[in-house]
Amino acid sequence: MALIALVGASEMLPDGGLRALVAIAGETLIERQAARLADVGVTHIAVAVAAVPADLLATCDRIRRRGMKVTPVREASDLMALVEGDDRIILVADGLRAGSAHYAAIAKPGSPAILVTADTLLTQGFERIDATRRWGGLACISDAMVRDLAEMPGEWDVMLTLLRMAVQTGARRLYCEPALFEQGEIAIVTDRPTAALIEQSSLQQVDYGGMGLGRSAIMMPLIRLAGPLLVRSPKTARYLPYATALLWIGVALLAASGLAAAGALVAVLGGLCLAAMRFLASFRAQSAAHDRVRAIIRSFAWLLLAAFPWLLSLGGAAHAMPRFSEAALAPCLAATILLARLLYEDAGEKRRFHWLLPDADQAWIMLAPALVFGAAPLMFAILPLLALFQILLWMRLARRPEVK
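No experiment lies behind these values; they were computed from the predicted model shown.

About the thresholds
Residues numbered from 1 in each chain as written. Predicted model: local features only at pLDDT ≥ 70, side-chain atom pairs only at ≥ 80, totals over all residues. Heavy atoms only, no water. Helix = DSSP H or I, 4+ residues; strand = E, 2+ residues; numbered from the N terminus. Buried < 20%, exposed > 50% of the residue type's maximum accessible area, 1.4 Å probe, protein only. Contact = heavy atoms within 4.5 Å. Areas by Shrake-Rupley, 256 points an atom, 1.4 Å probe, with all protein chains shown as cover. Lys, Arg positive; Asp, Glu negative; His and termini not counted. Salt bridge = Lys/Arg side-chain N within 4 Å of Asp/Glu carboxyl O. Polar contact = N/O pair within 3.5 Å; in protein donor to acceptor, adjacent residues only side chain to side chain. Pairing = 2+ DSSP bridges.

Moving on, we get to the overall build of the protein. Summing up its helical and strand segments, the protein has 17 helices and 11 strands in all. Taken across its 404 residues, the protein has 47% of its residues classed as buried. A fraction of 75% describes how many contacts in the protein between residues 6 or more apart in sequence connect residues 24 or more apart. With the model as given, the accessible surface of the protein reaches about 19600 Å², and the carbon-plus-sulfur share is 62%.

Spelled out as structure tokens, the structure:
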């Protein structure tokens, strides 16, 4: 038994473009739908089309490069050729934007199911199910329904006919609150102004996640200010990993040349780029390779922090050993940051006050002015103690019961 998705891509916007190709935060709706479907185990999507313009073909090619099969279909017989016995088919409404939790709920094993919501002003873009309910944009049907539709004479709207067949056969109804539509968590994009409003809302509501005082209090707020500019161009996500990697290589080369202050300042900029990569990951359907690249760059930055005094001293003109205050305490600082990361990961989903923990961004931000004014030994002595104090404070606050 396999999961196959039927995604709508035939509805037109008032300006003549396809709904499915509307970009929100630099990514088309159908690409985001494909990413959500891949998360729940779908490996093959059928795209219900009336025509296949060049820009839709290019988008489907990008989805294929992420490891998913894509097949355009126009009739039920086309879909039937993709379905085998006991397969389940997920229906995704044309122009739908929904969260991962809704895809996961509809993809759970069981009898056919339909996501429904109340009939309100905010849900007028969805198909009506009965007098008080409208379709929520997702449904899961059986292969028998596709077979029945393929055997019916005449021409039928594949998506809507399959939905009506699921309603008539008494498919389970999974209810979602209309408030989700008000918050923009679920929506049908009917025009570009609506897409712009959803983009603005998603930029404000994105969960940055992660740990660290430097990242949470300084880096991410700065990135959020530039968020609208970052997400609108797909080229940003494409070239940002290369720029970030080059910056951190530059930090190592500057340190090896004896330019400590310049290296620390470039490291702060590299930390901003890492934060930008994490920010863009909230809006882009990225492959596992992107996550690995980000993890490798962050690990390299952490190792660079531990070895920074050694690079600075051994790479300098004298090629001398670094002072003990720097050579011993820099690895201690890196070790406390690693300890904070391990404690944060062990906390599981019940993470609280994670923004208090030390991170490499905080260390580089504090080291940069110290290196400029020649106070590096003092700062290398202070930072490990400060990091340990932050960890102890976090452990104290995280154990407090939540106020209900």
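Right, let's get into the side chain of R19. For R19, the location among the structural elements is in the loop between β1 (3–8) and β2 (23–24). One buried charged residue, R19, forms no salt bridge at all, with the nearest opposite charge on E11 at 4.7 Å. Among the polar contacts made by the side chain of R19, one reaches the main-chain carbonyl oxygen of D94 at a distance of 3.5 Å. Non-local contacts of R19, meaning those with residues more than four positions away in its chain, are made with E11, L13, L29, D94, G95, I188, V189 and T190.

Our focus in this paragraph is the pairing of strand β6 (residues 88–92). Across the 5 residues of β6, 5 count as buried, placing the element largely inside the fold. Neither face of β6 is open: one carries R88, I90 and V92, the other I89 and L91, and all of them are buried. In the sheet, β1 pairs with β6 via 5 bridges, with the strands oriented parallel. Bridge pairing in β6 places V7 opposite V92. As judged from the 5 bridges shared by β6 and strand β9 (residues 133–142), these two strands associate in the antiparallel manner. Among the inter-strand pairings, L91 is bridged to a residue of β9, identified as A139.

A separate point is the pattern of salt bridges. All told, the structure shown has 9 salt bridges when counted by the stated rule. We note a salt bridge from R32 to E27, for which the minimum N-O separation is 3.3 Å. The buried category is assigned to R32, whose relative accessible area is 12%. Here R128 and D119 are joined by a salt bridge, their closest N and O atoms 2.8 Å apart. Among the ionic contacts, a cluster of salt bridges with common partners joins E31, R62 and R66.

These figures come from the coordinates and say nothing about function on their own.
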